[in-house]
Amino acid sequence: MYLLLGIVLAGVIHEGGHYFAAAWFGHKLKFHFAWGRFGVPRFVWEMPIFYPCEMWKAKVIAVAGFGAELFAAVVFLAAWREFGRWYAGVAVAHLLAYRWYAGTASDFRWFRRG
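Residues numbered from 1 in each chain as written. Predicted model: local features only at pLDDT ≥ 70, side-chain atom pairs only at ≥ 80, totals over all residues. Heavy atoms only, no water.

A. Focus on a nonpolar patch on the surface. On the surface, Val63, Leu70, Val92, Leu95, Leu96, Phe108 and Phe111 cluster together into a nonpolar patch covering about 570 Å² of accessible area. Looking at where leucine 95 falls in the secondary structure, it is placed in helix α3 (residues 81-101). (Patch = residues over 30% accessible without salt bridge, like charges linked within 9 Å, V, L, I, M, F, W, Y side chains within 5 Å. Areas by Shrake-Rupley, 256 points an atom, 1.4 Å probe, with all protein chains shown as cover. Salt bridge = Lys/Arg side-chain N within 4 Å of Asp/Glu carboxyl O. Helix = DSSP H or I, 4+ residues; strand = E, 2+ residues; numbered from the N terminus.)

B. Geometry of the packing of helix α2 (residues 55-79) against α3. For the pair α2 and α3, interaxial distance at closest approach is 7 Å and the crossing angle is 160°. Taken together, the axis directions place α2 and α3 in an arrangement best described as roughly antiparallel. Along this stretch, α2 crosses α3, giving a crossing that reads as left-handed. Contacts from Phe66, Glu69, Leu70, Ala72, Ala73, Phe76, Leu77 and Ala79 in α2 reach Arg81, Phe83, Gly84, Arg85, Tyr87, Ala88, Ala91, His94, Leu95 and Tyr98 in α3. Here the contact of α2 with α3 is composed, by residue class, of 13 nonpolar, 2 polar and 3 charged. (Axes fitted to C-alpha atoms, helices over the stretch in contact; angles between N-to-C directions. Parallel < 35°, antiparallel > 145°, perpendicular 65-115°, else oblique. Left-handed = near helix turned anticlockwise from the far one by under 90°. Contact = heavy atoms within 4.5 Å. Nonpolar A, V, L, I, M, F, W, Y, C, P; charged D, E, K, R; others polar.)

C. Structural detail: the layout of surface pockets. Approximately 590 Å³ is the volume attributed to the largest pocket. Contributing to the lining of the largest pocket are 27 residues, with Gly11, Pro41, Arg42, His94 and Tyr101 lying nearest its centre. Elements represented by at least two residues in the lining of the largest pocket include exactly α1 (2-24), β2 (41-44) and α3. At 8 residues, the largest contribution of residues to the lining of the largest pocket is made by α1. Per-class residue counts for the lining of the largest pocket are 17 nonpolar, 5 polar and 5 charged. (1 Å grid on protein atoms, 1.4 Å probe; cavity = no way out; pocket = protein on both sides within 12 Å on 5 of 7 lines; lining within 4 Å. Points joined across faces, edges and corners; volume = space filled by probe spheres on them.)

D. Quick peek at unusual backbone geometry. Within the chain, phenylalanine 38 stands out as a residue other than glycine whose phi angle is a positive 65°. Inspection of the secondary structure assignment puts phenylalanine 38 in the loop between β1 (32-35) and β2.

E. Summary view of the nonpolar core. Formed by Ala21, Ala22, Phe25, Leu29, Trp45, Met47, Phe50, Ala58, Ile61, Ala62 and Ala64, the largest nonpolar core amounts to 11 residues. Going through the elements one at a time, α1 and α2 are the ones with two or more residues in this core. Ranked by the residues each element gives to this core, the list is headed by α2, at 4 residues. What alanine 58 contacts, discounting residues up to four positions off in sequence, is Met47, Phe50 and Trp110. (Core = buried A, V, L, I, M, F, W, Y, C linked by side-chain atoms within 4.5 Å. Buried < 20%, exposed > 50% of the residue type's maximum accessible area, 1.4 Å probe, protein only.)

Structural measurements only, silent on function.
Here you go:
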């Protein structure tokens, strides 16, 4: 039960991190459902348009998903250790598996050069 709750919460917290970071910069993200590689269900969104000198904001929005997810792992470990261990495992597994299933909608594409 903790594993299922951890998976659902990790997804909600991850996408919520993107949403609230974009809102901080005055933008609203619209999510839509898509299938990732290997049949992984995902909610994807389009990055708001920024001037070239403001692309740091795109990077903040991109990293906010995993940032929120990993911060929540620390909070859950401190506040509810039994569930926190499950959630931290899910969050780390998500981060490690992300590069293989994210495809072109990867959060990390905003950090590539060129």
